[in-house]
Each structure stands twice: as C-alpha cells, then as structure tokens.
Amino acid sequence: MNATNKLKIFNDPIYGFINIPNTLIYDLIQHPYFQRLRRISQMGMTYLVYPGAHHTRFHHALGCLHIMQKAVQTLKFKEVSISEEEENALYIAILLHDIGHGPFSHAMEHSIVEDVHHEQLSSLFMEQLNKEFDNKLALAIQIFKGEYHRKFMLQLISSQLDMDRMDYLRRDSFYSGVAEGNINSERLIQMMNVQDDYLVIEEKGIYSVEKFLVARRLMYWQAYLHKTSVVAELILTKILKRAKELTHKGVELESSKPLLFFMQNKVDLLDFDAKILNTFSQLDDYDVLSAIKAWQFHEDFVLSSLCKMIINRDLLKIKMMEEKPNKNILDSYKSSFMKLHDLSEKEVDYFVFKGKIKNQAYNKDSEPIRILKKDKTIEDVVQASDQLNLKALSKPVTKYFICFPKVTLEA
C-alpha cells in the first residue's frame, strides 16, 4: 500500500478540513482502540435534552488534533522552538487524551470500573499502543503524564485553557445548539505564546479568555449540568449498580460478554493487564443501551423501572435548591413510594435520593491562565482583567437537588 494514501483529510462541520499530519497518526486513528471512540457519545445523556447532541469522542479527538496543529504552527511562528519529535508527540498525546473513556463518557465513569479515572485508563491504552508501535509513543506518554521538562507542552494538553476544552466547548455548543458556549478558538490560539516555559496569552487576547470562561460557565449550567442530563445520568449509574447487585446474587442478566465481565468482577487499577484492557476496549454505548433495552422487561421491579425511564425518557423528577434538602421531605417521598410498590428501604434508595452539583468556571487553586503583559510581566487572568465577573467566575457555585418518582407527587 502506498504510504501517501494514509495522508487523509476529514471534513469537520466546525473547522472544515482536518489534515492527518503523518502516517503514524493515521495508523493510530485506524487502531480498534481509537475506532471504538466512534461508538462513545461525547455528551453522555444530554441528547435527552438537546436532540442534536449525538456527536462522539472520535469527532472530538480529531478536532483536538486539528487545533493542536494550529497551536504548534502559531508557537513556531513566534519562534518557540519545538522539534519535530516534540511536535509529533503533542499530536499523539492530544489525539489519545480521551481514549480511556467508557460508555457514555463521564456518566458511567465510576460505574463500570470503580474508582478508576478515564485519564488513568487513557495512560494504560497509550502504554499498550506504545508496545504495538515500537516505542514511538514514548515522548507523548511522558508529556501526557507531566513528566517532560517543558511544562507548556502539558498545558496544551491539560490545563484551564487547553486544546481539549477549546474543542469541546465549540463542538458541544454546535451540536447541542446552545449558542452561549461558542468561543473564538482561532483568536485564542493566535494569541498564544510561551514565556519562561509557561503557556501564556498575549494581553490583547484577554477579552477572548474572558469570553471563553463565561462560555464554559454557561455550558455547564445549560448543558453538562442541565437538571435533566443530571437525573438521566444518575439513573444510568443506578441501573448498572442494580445490575451488578443482581448479578452478584446469581441472577442471570442478558448482556454482552464484555459488560457481563465487568458486572461480575470488581476491577481496580492494579488489576488492569493487557487482557482486561482489551475487554474494556470492547465496551461502548451500544453494550449499555442494548442491555437496558433487554432489562426493561426483567422481573426485578427496580431494574425494569429504571430502564424504562431511560428508554421512554420518562425520568425521575429532579428538584434543584440552594440549600441542603430537608431529610423529612426525602423520608416522606420514600415512605409513600415504598408503600405503593412494597419495596425495601434499600430498594427505594434507587428512586429517592439527594445530591449536589458544583460549577466553577475558573479554579484559582489550579494552574492559572497567564496573561503576558506588554512590559513582559505575567499576571493571572483574574488580576489582569478589568472584568469583575472573572472574580465571581472563580468562586465555586453549589446547587443541591433531590430526585424522586413522579407518582409520589400524586400519591
């Protein structure tokens, strides 16, 4: 096969044409581990609120690759020295940064594999690919893990103004139709520079940074933390919890082999060998959805009821509040639903529960977004901005909620 055939072009609705920079990147995209991302939704259950939000992690990873190419070109133009090997490593690291996501992305992060973050799984996948690709991913892994001496390279992949956030805000805004999330990633990238080994934004780009932070806050409230998305994702995690519980009691549930494996076995980070990683790589949204479609007819009331809620979009009621919910309210919902369906206290907890969500557009305790002033000094964006709202954006906002079945309202 002629190598030039590998230099393909993707057509992206946001950036137009995306070029694959070299044959190694092409081969990584073609790998089954990466192709699996076509079957993992980027925004979890948010399509139950915004019907257009059906784009995938595959889509997002290619978008990140594209804007990383733009960022590298900009920095090189500004005479930041980046070798060909470093450039390639940046492309690989950003392409594979989300490869460890499981079905429905964040919604099921701790349901299928407990206490293991997708970043840790991404690292494991990258190590495995590194073996298959003759150690060609070694530098990318070093950068991804923050072990490379040039700090700004990690900031391009993971920071408060990285290529990941720049792509997902624009992409999620585009597909959900939530216009408030749209950002000017081109201008942000043009304003990037490196000073003292840190990624900085030149002073004239400060308004674009402010817009980016405001857009992030609005996207969280309107999309990622929309109350219907929140309750749907919680129901999804409860379905899996109940399925695992029943499986451990010896109840046989119809499901794909990879899903069954993770329901039967408690797997933590240390258990992940090549075989288990391979089993995990066979999981995607389709395993979970087809299981839910089957389980809606199961004789277990808890499992079937929760599955019907997702399939028919007839979800639990969710009530948002500023203060912590009163225990008496929860207890009254619980007792009326327990009587109605003859449930135990443990079973009713699947239907009536409380929780909280937090939104913080800018974290002052994390790696700051640095603004490069005209006099070459560096300032945190909150100090450099004349916008009072940036101080407000760096305060975490917490909202509390309770979830309960609609029938308890009528009961």
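Conventions and cut-offs
- Residues numbered from 1 in each chain as written.
- Predicted model: local features only at pLDDT ≥ 70, side-chain atom pairs only at ≥ 80, totals over all residues.
- Heavy atoms only, no water.
- Patch = residues over 30% accessible without salt bridge, like charges linked within 9 Å, V, L, I, M, F, W, Y side chains within 5 Å.
- Areas by Shrake-Rupley, 256 points an atom, 1.4 Å probe, with all protein chains shown as cover.
- Salt bridge = Lys/Arg side-chain N within 4 Å of Asp/Glu carboxyl O.
- Lys, Arg positive; Asp, Glu negative; His and termini not counted.
- Charge placed at Lys NZ, Arg CZ, Asp CG, Glu CD.
- Helix = DSSP H or I, 4+ residues; strand = E, 2+ residues; numbered from the N terminus.
- Buried < 20%, exposed > 50% of the residue type's maximum accessible area, 1.4 Å probe, protein only.
- Core = buried A, V, L, I, M, F, W, Y, C linked by side-chain atoms within 4.5 Å.
- Contact = heavy atoms within 4.5 Å.
- Expected span 1.5 Å × (residues − 1).
- pLDDT = per-residue confidence, 0-100.
- Pairing = 2+ DSSP bridges.
- Axes fitted to C-alpha atoms, helices over the stretch in contact; angles between N-to-C directions.

**Let's talk about a positive patch on the surface**
Phase 1 of the analysis: On the surface, a cluster of positive charge is made up of Lys324, Lys354, Lys356 and Lys358.
Phase 2 of the analysis: Take Lys356: it is sitting in strand β6 (residues 353-359).
Phase 3 of the analysis: In this structure Lys356 comes out as exposed when scored by relative accessible area, which is 58%.

**With respect to the nonpolar core**
Phase 1 of the analysis: In terms of nonpolar packing, the biggest core is built from 141 residues, with Leu96, Leu156, Met166, Trp295, Phe351 and Val381 touching the most fellow members.
Phase 2 of the analysis: Setting aside residues no more than four positions away along its own chain, Leu156 makes contact with Met68, Ala71, Leu75, Leu90, Ile94, Asp162, Met163, Met192 and Leu199.

**With respect to helix α3 (residues 57-77)**
Phase 1 of the analysis: Taking 1.5 Å per residue, 21 residues should reach 30 Å; α3 reaches 30 Å between its end C-alpha atoms and fits that length.
Phase 2 of the analysis: Looking one or two residues past α3, Glu79 carries a phi angle of roughly 65°, positive in sign.

**What about the environment of Val348?**
Phase 1 of the analysis: Secondary-structure assignment places Val348 in helix α17 (residues 345-348).
Phase 2 of the analysis: C-alpha of Val348 to C-alpha of Asn278: the two residues are 70 residues apart in sequence and 36 Å apart in space.
Phase 3 of the analysis: In this view, Val348 contacts Lys334, Phe337, Met338 and Leu343; residues no more than four positions away in its chain are not counted.

**Things to note about the pattern of salt bridges**
Phase 1 of the analysis: For the structure on display, the rule yields 23 salt bridges.
Phase 2 of the analysis: Residue Arg150 is joined to Glu86 by a salt bridge in which the shortest nitrogen-to-oxygen separation is 2.9 Å. Of this pair, Arg150 sits in the loop between α6 (138-144) and α7 (151-157) while Glu86 sits in helix α4 (residues 84-95), and the two are 64 residues apart along the sequence. The pair Arg150 / Glu86 is uniform in exposure class, with both members buried.
Phase 3 of the analysis: Lys266 is the partner of Glu114 in a salt bridge, and the nearest nitrogen-oxygen pair spans 3.7 Å. With Glu114 in the loop between α4 and α5 (118-132) and Lys266 in the loop between α12 (257-264) and α13 (274-281), this pair connects stretches of sequence that are 152 residues apart.
Phase 4 of the analysis: Assessed through its relative accessible area of 28%, Glu114 is described here as partly exposed.
Phase 5 of the analysis: The exposure class of Lys266 is exposed, given its relative accessible area of 60%.
Phase 6 of the analysis: Salt bridges sharing common partners tie together Arg242, Glu245, Lys249, Asp300, Lys346 and Glu347.

**Details of the confidence of the model for the protein chain**
Phase 1 of the analysis: Confidence in the prediction of the protein chain, expressed as mean pLDDT, is 93, and 98% of residues score 70 or more.
Phase 2 of the analysis: Element-level mean pLDDT values for the protein chain span from 60 in helix α20 (residues 407-410) up to 98 in helix α2 (residues 32-35).

**Here's the deal with the pairing of strand β4 (residues 198-202)**
Phase 1 of the analysis: With four of its five residues buried, β4 lies for the most part within the structure.
Phase 2 of the analysis: Relative to β4, strand β3 (residues 192-195) runs antiparallel, the two sharing four bridges. The residue of β4 that forms the bridge with Asn193 is Val200.
Phase 3 of the analysis: Relative to strand β7 (residues 370-372), β4 runs parallel, the two sharing three bridges. Bridged to Ile201 within β7 is Ile371.

**Focus on the sheet that holds β6**
Phase 1 of the analysis: Reading across the sheet, the three strands line up as β5-β9-β6 and stay open at both edges, with antiparallel pairing between neighbours. The open sheet is flanked by β5 (317-321) and β6, the only strands paired with a single partner. Across this sheet, the average inter-strand angle for adjacent strands is 30°, counted without regard to direction.
Phase 2 of the analysis: Taken together, the seven bridges between β6 and strand β9 (residues 397-404) define a ladder with antiparallel strand orientation. Within β9, the residue paired with Gly355 across the bridge is Phe401.
Phase 3 of the analysis: The strands that helix α10 (residues 206-224) touches are β6 and β9; relative to β6, the one it contacts most, it runs at about 165°.
Phase 4 of the analysis: This element, helix α11 (residues 227-248), spans β5, β6 and β9 of the sheet and lies at about 125° to β5.

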